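Structural overview
As a plain string of letters, each chain reads:
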Amino acid sequence: MTTTTAVRAASTAIAAPRLTLPSPRGGTLSALDSSSAAQVLAALPSLATWPEDRTSARRLVSNTSRMLEWLQPLAGGGWQARWQRAEELYGPKWQAWPLAEATAVGSGDEYRRGLTRGLGCLIKLRLVKPSYAFLTKYGPTKLFAHMRAEVSPDLFERAEQAARARGVNEHQTRTALNIRSAMVVHLGGDLCGITAEDMLAFQQAGKRPRARSAEGAHAAWQMLVDLEVLPAGTSLRMVLQTGQLTTTQLVDRYQIRNDQVRDLLIRYLDERRPGLDYSTFRGLVSRLVGQFWADIERHHAGIETINLPADVVQAWKERVRAPQRGRETKRHWDIFIAVRAFYRDIAEWALSDASWTQWAFPSPVRKRDTEGAAKQTRATVAAMHQRTRERLPNLPRLVDTAEQWKNDRAALLEAASRTAIGATVEHLGVKYRRVGPGDRPRMGSRRPSHVVVEDLADGALTNATIAEDEAFWAWAVIETLRHTGIRIEELLELTQLAVVSHRLADTRRAGSTAADRPVQDERGASAARHTRTGQRPRRDHQPDT
């Protein structure tokens, strides 16, 4: 498989969750899966990390025996099936499992700690393979290090040495190794068996809400490249930059069960897409597919037609109108309008195209359901205009403050860059000390090449590289919006060609795809430069973050 093919395949896997990500070793069961508890306990001394001290060994056997006794009553044909049942019942947070109820030996906390040690033995024995969600919340202290001694120790050692050779700091290296260890635990194979799809599956499960990737995932990907497990020249960042998703990919995020209705939704949305910007289109997909049909399938299994019974419609309307997170919302009007338009559009198109006829049904949303929507829209617009009038007098102050902050952060970065590590520098009356990569454990998620300074007055650490970059792009966004008058949705979809003049190859005439000219700063950088992925663009002086 070529590099381009591998990256394209990985991109498709993450963009279309309807596909099943291949995990070759994920379904492999341990040879002990159907064994008795006594046979499992007899296999424990084969572990590479098994203690030589007899007292410690007896204690681990006892703890493992209790963990097996706790799993034994759960439904399942083997130990892994019992474990999966436990995760279904109690969720991915180990600390919340009802383990302390049986307190025959010691206190409840002691009993839980014993089961935790016993679980570690079962994991190292490859008897149970917890989910990624469980492993990211489990927070083991020694388990992952022990797994690296049990499985592919030479490869893990090579990966760690390669990361240190590239200048990756201790925190990122440790996090990346833990990610690799967690994947080995879950998949049940060795390090060289991990694929790009496996990596994407983990980072989807392990990332925080609204984050693009799990912490350490980029370094973990690079480790696999260094080991030649993944193709050279690839990166997680390259795979994640998928751009605008197709209609099919957006719809398949909601895992629609009925294939005929899924195809109908995709066809309808494809008809609507040319007249909408991407942000508005995603909102329409969310309302029509996620908040309408996916909700119907979730609460009323077996529905195979959009001609919905009255009781199903009434129950759906009540769920849509229900308060969200304890407060009243007006979102139901937007959802009702989108669904009503869906049915009315199909009925209208069926008059001229017979292929729509089979889906032409009365709309479950009546006109009275949308009464008040126009009034609410006018009130919202009036509130927005009033807010603009109140804030407009402060616009010059905002512009001046953004530019001053940009210049201040740039001056701090320049002064700190000329300062040796450990030396002090003064900026705007504040004294700073430049901090080296080894003295900033709290900045572990940043690159070693970033310039970090410590405020000598209160000890606060500032990443001058990131601060300058964020100040620049804050100023750039403000300037672009005020000079062009474009909406935020249009700003997020700007590309380099939308704002930069170019000469046509045949006529040599200067042309531009946008009438608005980009704002320039003293370095001549385009303030409106942006990619379709919505990711902040890189600047030449700024290392990738």
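Residues numbered from 1 in each chain as written. Predicted model: local features only at pLDDT ≥ 70, side-chain atom pairs only at ≥ 80, totals over all residues. Heavy atoms only, no water.

Description of the overall build of the chain
Stated precisely, the cut-off is as follows: Working definition: helices are DSSP H or I runs of at least four residues, strands are E runs of at least two. Numbering for both runs from the N terminus. Relative accessible area decides the class of each residue, using a 1.4 Å probe on protein chains only: under 20% of the type maximum gives buried, over 50% gives exposed, and in between gives partly exposed. Contact criterion: two residues are considered in contact whenever any of their non-hydrogen atoms come within 4.5 Å of each other. Every accessible area reported is derived by Shrake-Rupley at a probe size of 1.4 Å, with residue values counting cover from the shown protein chains alone.
Of regular secondary structure, the chain possesses 22 helices and six strands. Looking at the chain as a whole, 42% of its 545 residues are labelled buried. For the chain, the proportion of contacts with a sequence separation of at least 24, taken over those separated by at least 6, is 61%. Summed over its atoms, the accessible surface of the chain is roughly 29,200 Å², and 50% of this surface lies on carbon and sulfur atoms.

Concerning the packing of helix α15 (residues 278-299) against helix α16 (residues 310-321)
Under the convention used in this document: Between N-to-C directions, angles cover 0 to 180 degrees, with each direction set by a line fitted to C-alpha atoms, over the stretch in contact for helices. Whether a crossing is left-handed or right-handed is set by the direction in which the near helix is turned from the far one by less than a right angle, anticlockwise for left-handed and clockwise for right-handed. Residues are grouped as follows: Ala, Val, Leu, Ile, Met, Phe, Trp, Tyr, Cys and Pro are nonpolar; Asp, Glu, Lys and Arg are charged; all remaining types, including Gly, are polar.
Here α15 crosses α16 at 115°, and the two axes come no closer than 11 Å. Note on packing geometry: the crossing formed by α15 with α16 is right-handed. Mapping the contact onto sequence places Gln291, Phe292, Asp295, Ile296 and His299 in α15 and Val312, Trp316, Arg319 and Val320 in α16. Split by residue class, the contact of α15 with α16 holds five nonpolar, two polar and two charged.

Focus on unusual backbone geometry
Unusually for a residue other than glycine, Gln255 sits at a positive phi of about 50°. Topologically, Gln255 is positioned in the loop between α13 (247-252) and α14 (259-272).

A word on the environment of Gln404
Mapped onto the elements of the fold, Gln404 is located in helix α19 (residues 395-417). Exposure remark for Gln404: the relative accessible area of 44% places this residue in the partly exposed category. In this structure the C-alpha to C-alpha distance between Gln404 and Ala471, which are 67 residues apart in sequence, comes to 9.4 Å.

Considering the packing of helix α9 (residues 170-187) against helix α10 (residues 196-206)
Short version of the rule: Each angle receives one of four descriptions, namely roughly parallel if under 35 degrees, roughly antiparallel if over 145, roughly perpendicular if within 65 to 115, and oblique otherwise.
Look at α9 against α10: their axes get within 11 Å of each other, and the N-to-C directions meet at 105°. Taken together, α9 and α10 sit at an angle that is classed as roughly perpendicular. In this structure, α9 contributes Ile179, Arg180, Ala182, Met183 and Leu187 to the contact, and α10 contributes Asp198, Met199 and Phe202. Among the residues making up the contact of α9 with α10, the classes are represented as six nonpolar, no polar and two charged.

Quick notes on the packing of aromatic side chains
The condition that has to hold: Each pair of aromatic rings taken from Phe, Tyr and Trp, with Trp reduced to its six-membered ring, is defined by centres within 6.5 Å and is described as stacked if the planes are under 30 degrees apart, edge-to-face if over 60, and tilted in the remaining cases. Counted as over-ring charges are cases with an Arg CZ or a Lys NZ within 6 Å of the ring centre that also lie within 35 degrees of the ring normal.
All chains considered together, the criterion is met by 22 aromatic pairs. Ring centres of Tyr268 and Trp349 lie 5.5 Å apart, and the angle between their planes is 35°; this geometry places the pair in the tilted category. In this pair, Tyr268 sits in helix α14 while Trp349 sits in helix α17 (residues 331-349), placing the two residues 81 residues apart along the sequence. A residue is classified by how much of its surface remains accessible, and Trp349, at 22% relative accessible area, is partly exposed. An aromatic cluster is present here, built from Tyr268, Phe292, Trp293, Trp316, Phe336, Phe342, Tyr343, Trp349 and Trp356 joined pairwise through their rings. Stacked on the ring of Trp79, the Lys or Arg Arg82 has its end atom at 4.6 Å from the ring centre.

Here we look at the sheet that holds strand β2 (residues 430-435)
Basically, it comes down to this: Strands were regarded as paired on the criterion that DSSP finds at least two bridges between them.
If you trace the four strands from one edge of the open sheet to the other, you get β1-β2-β3-β4, paired in antiparallel fashion. The sheet is open, and its two edges are formed by β1 (424-427) and β4 (461-463), each paired on a single side. Neighbour-to-neighbour, the strand axes of the sheet open up by a mean angle of 35°, direction not taken into account. As paired elements, β1 and β2 share four bridges and run antiparallel to each other. Counted as the bridge partner of Glu426 is Lys431 from β2. Here α19 sits on the sheet in contact with β1, β2 and β3 (452-455), set at roughly 160° to β1. Sitting on the sheet, helix α20 (residues 464-484) is in contact with β3 and β4, with an inclination near 55° to β4.

Just geometry here; none of it tells us what the structure is for.
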